[in-house]
Amino acid sequence: MAYRLLEMGVGPLSTELQLLIAGLAAVSLVIGNLMAIAQSNLKRMLAFSTVSHIGFLLMGIAGGGAQGYAAALFYALAYAIMSTAAFGASIALA
């Protein structure tokens, strides 16, 4: 969906939109990590860590091109599997 929106749908505004996405990625990284550090509950820490990981995903999308989108897709799939395992382990231990 991001590929279609950024490469085909936006057209000449794609550079401005990529800058906006890069800014959102930076904000997501900073806020997610700072809030995760302050947590004492493991599930809340993992949730705020997810906010940070969205920033990494957005960096691949902001990079654009086929390689950037492929990297973002691979990261999303790998993180979904890892996150499911981490939340499952925390529930099993609780």
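Keep in mind that what you see is a predicted model, and the values were worked out from it rather than measured.

K.L.:
Explain the overall build of the protein to me, please; I cannot follow it from the model alone.
P.N.:
Secondary structure assignment for the protein yields 4 helices and 0 strands. Along the chain direction, N to C, the helices and strands of the protein fall in the order α-α-α-α. Looking at the protein as a whole, 28% of its 94 residues qualify as buried. For the protein, the proportion of contacts with a sequence separation of at least 24, taken over those separated by at least 6, is 56%. Accessible surface, the protein: about 6300 Å² in total, of which carbon and sulfur atoms supply 75%.

K.L.:
What is the right way to look at the UniProt feature "transmembrane region" (unreviewed entry) in the protein in this model?
P.N.:
Per the UniProt entry, the sites bearing "transmembrane region" (unreviewed entry) are residues 20–38, 45–66 and 72–93 in this numbering. The span residues 20–38 is 95% helical and 0% strand by assignment, and the distance between its end C-alpha atoms comes to 27 Å. Within residues 45–66, the helical portion is 95% and the strand portion 0%, while the C-alpha atoms at the span's ends are 33 Å from each other.

The rules behind these values
Residues numbered from 1 in each chain as written. Predicted model: local features only at pLDDT ≥ 70, side-chain atom pairs only at ≥ 80, totals over all residues. Heavy atoms only, no water. Helix = DSSP H or I, 4+ residues; strand = E, 2+ residues; numbered from the N terminus. Buried < 20%, exposed > 50% of the residue type's maximum accessible area, 1.4 Å probe, protein only. Contact = heavy atoms within 4.5 Å. Areas by Shrake-Rupley, 256 points an atom, 1.4 Å probe, with all protein chains shown as cover. UniProt positions renumbered as here; feature names shortened; annotations may be inferred.

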